[in-house]
Structures are given as structure tokens and as C-alpha cells.
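What the coordinates show
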Amino acid sequence: MSQLFKRTAAVNIGGREFKCPPFSIEFEQKVIINAPTMTECKLYNPNNDTIKSAEGTKKGTYYDGPQVVITAGYEEENGICVLGKCSHFEVKRHGADTILAMKIWDTPTIWANTMIATTYNNLKISSIIQAIVNKAGLRFDSIKVGSDKILPTFTAQYFNTALQNLCKDSDSEYFFNNGILTVQSKTKLGTANAILLTPKTGLIDLPEKTQGGIKFKTLFLYKLMGGSIVKIESNNYNSVFKIIHGKKKFSTFGKAECEFEAQAV
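Attention in this report is confined to the structure presented alongside it. For every chain, the first residue of the written sequence is number 1, and numbering continues from 1 along that sequence. The model is predicted, so local features are restricted to residues of pLDDT at least 70 and side-chain atom pairs to those at 80 or more, both for listing and for counting; the totals for chains, interfaces and linings are taken over all residues. For side-chain calculations, the full set of non-hydrogen atoms in the structure is used, while hydrogens and water are omitted.

1. Comments concerning the overall build of the chain
Only DSSP runs of H or I with at least four residues qualify as helices, and only runs of E with at least two residues qualify as strands; both kinds are numbered from the N terminus onward. Within the chain, the secondary structure is distributed over 3 helices and 20 strands. Against the globule reference of 18 Å for 265 residues, the chain gives a C-alpha radius of gyration of 20 Å, in line with a compact fold. For the chain, the spread of C-alpha atoms along the three principal axes comes to 65 × 55 × 30 Å. Within the chain, the fraction of its 265 residues that count as buried is 46%. Surface accessibility follows the Shrake-Rupley procedure with a 1.4 Å probe radius. Residue values consider only the protein chains on display as shielding. Just so you have it, the chain exposes about 13500 Å², and 48% of that area is on carbon and sulfur atoms. Side chains of the chain give 32 positive and 24 negative charges; the mean places of these two sets differ by 3 Å. Throughout, the radius of gyration refers to the C-alpha atoms, and the reference size of a globule is 2.2 Å times the residue count to the power 0.38. Throughout this description, buried means an accessible area under 20% of the type-specific maximum (1.4 Å probe, protein chains only), exposed means over 50%, and partly exposed covers the range between. His is not counted, nor are the chain ends, whereas Lys and Arg count as positive and Asp and Glu as negative. Positions of charges follow a simple convention, taking NZ of Lys, CZ of Arg, CG of Asp or CD of Glu.

2. Here's the deal with the pattern of salt bridges
Think of a salt bridge as a Lys or Arg side-chain nitrogen and an Asp or Glu carboxyl oxygen that are within 4 Å of each other. Enumeration according to the criterion identifies 8 salt bridges in this entry. Between D64 and K85 there is a salt bridge whose closest N-O contact spans 2.7 Å. With D64 in strand β6 (residues 62-64) and K85 in strand β8 (residues 77-94), this pair connects stretches of sequence that are 21 residues apart.

3. Some thoughts on the pairing of strand β7 (residues 67-74)
With 6 of 8 residues buried, β7 lies mostly within the body of the structure. At least two DSSP bridges between two strands are required for those strands to pair. Both strand β1 (residues 7-13) and β7 contribute to a ladder of 7 bridges, which runs antiparallel. Residue pairing in the sheet places V11 in a bridge with I70 of β7. Between β7 and β8, which pair antiparallel and follow one another directly, the connecting turn spans 2 residues.

4. Observations concerning the packing of helix α2 (residues 125-136) against helix α3 (residues 159-169)
Between N-to-C directions, angles cover 0 to 180 degrees, with each direction set by a line fitted to C-alpha atoms, over the stretch in contact for helices. Axis separation between α2 and α3 bottoms out at 10 Å; the angle between their running directions is 165°. Here α3 runs roughly antiparallel to α2, going by the angle between their axes. With respect to the hand of their crossing, α2 and α3 are arranged in left-handed fashion. When α2 is examined against α3, the residues I125, I128, I129, I132, V133 and A136 are found in contact with a partner set consisting of F159, A162, L163, L166 and D169. Residue polarity follows a fixed list, in which Ala, Val, Leu, Ile, Met, Phe, Trp, Tyr, Cys and Pro are nonpolar, Asp, Glu, Lys and Arg are charged, and the others, Gly among them, are polar. Broken down by class, the residue content of the contact of α2 with α3 amounts to 10 nonpolar, no polar and 1 charged. By definition in this entry, angles of less than 35 degrees are roughly parallel, angles greater than 145 are roughly antiparallel, angles of 65 to 115 are roughly perpendicular, and the rest are oblique. When the near helix sits turned anticlockwise from the far one by under a right angle, the crossing is termed left-handed; a clockwise turn instead gives a right-handed crossing. Residue contacts are counted whenever heavy atoms from the two residues lie within 4.5 Å of one another.

5. Comments concerning the packing of aromatic side chains
The rule is short: rings of Phe, Tyr and Trp, with Trp giving its six-membered ring, pair when the centres are within 6.5 Å, and they are stacked under 30 degrees, edge-to-face over 60, tilted in between. Considering all chains together, one arrives at 8 aromatic pairs under this definition. Ring centres of F18 and F23 lie 5.3 Å apart, and the angle between their planes is 80°; this geometry places the pair in the edge-to-face category. Between F216 and F260 the ring centres are 5.6 Å apart and the planes differ by 40°, which places this aromatic pair in the tilted class. Taken together, the residues F216 in strand β17 (residues 214-219) and F260 in strand β20 (residues 257-264) connect sequence positions 44 residues apart. By relative accessible area, F216 is classed as buried at 3%. One aromatic cluster is present, formed by F27, F220 and F250 through successive ring pairs.

Such coordinate-based values are descriptive only and should not be taken to indicate function.
What follows is the structure, encoded as C-alpha cells:
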């Protein structure tokens, strides 16, 4: 765990980068399978130009916010943990501090309502998913469905509904990570690349049993997301799990830790 010291963070808003120090930064992420990640970020004591960088533009009734990239972690273990678009911002006062608060979605919020309006005939489910992802203008890491059936016909109207139905029909699930979609089998999961979690690599306290699996805490680990495969080695567990949902908190001056619920693989 020696590398999990000396926190570092940087926020890039529409091409303008703000690092700690001198800025104080904190954010909280909600991660879940089958949904894009939402992040709430606070940047302390920005100047007027910084606040203006979060304003974005109006396109009719649609707010087109700037791209936001957050890199965080520790001096020897850090990376991109947020890459999305600002969907809302406001300026708050807390004592002597001015706070720029932003809500950031892992992909633009319009992804869900992207119109596909296409019928596909005699194609495997994985091929249809790839086709609708390309038409929606999204990127994907891998598409490995649980049951890759050939569908005689499938009509995709809206992207989100089509993706959900295709995943349901193929015993699969999806998640976004930094704007990139991954589709994977619900049950046929490889464990060779599982992330090892022990007290030495960031695991906090003992995992607790839940009705559907376990819940556990770690120090802030930027790589852990919904759908991540982890191998937990503790006094009460030595098993592989899949993260279903959780909450990640990072602060340059307060707590930096994660809470997850996971199912056995």
C-alpha cells in the first residue's frame, strides 16, 4: 500500500486545467451496472474565468456543457476517473469559500434518447449492438454477450431501449467507463485480470455479507467501477466478485474512499 499516499488531482474543464495545489478539489461518483456514471464535483475558490469555462452553450432548449476530465489518485497510483460532459453547474458560497459545483455524466445525457430507427435482419446480437453504438456515435471497449443469438429481425428505435433489450435477450449487461461502453456476459466472466484487493492494496475493514453478495470498503482506487472484477483476500473472504454498484469519494483535504456492493463470480 506504499503507493497509496500523497493525493493528487486535476480537473480539466473545456481545455482549462486546474490542479491541486493550489486548487482544492473534491468529487463523488455513483457507479452502477447498466447506467452511465454520474459525478458531482466541487472546485474551490475559482476565479470568474474558471466559472465561465463551465457555462457551455445553449442549443435550443438543450444545454451543451463542456467536456470535463478528472484525474485523481495518489502520486504513484492515479489516472482518469471521470470523462464526460457537464450537465449542470452552480456557484455556491460556504463561509469564506466560493465553490463551483458541477454534475458530470460519463456520456452526454442525450445518449439515452438517440434515435436509431433501423431494422436489422439475420444478425447476431453482438453485431446489432456494435451497429447501434456506431450509429449513436459512442465508443466501445468490448462487446462480449452471454448468448450471441441470431435474431431474424430487430427494430431499434431509441438507443437506450434497444441496448437494454438486446442485453436482456443475450444474458448480458453493460457499463460506461470514461465515455467507453463495455458489454459483457452476466455469468461467463473471465477472472484472470481481476483486481486484487487486500489490506495492503487498499481494502478497508472486513467485507460484510449481504442478501445478494457482499459490501466492502476501500481507499479511493480510480480503476474500480461498476462491472469491475475484483479478487478479495481478507480474513473472511478469498473469492472473486463483480462490482454491481457503489459510491466513490475523493477529496484533496477530506476523506478519499469507496463503498461497493458486489456479487460472487
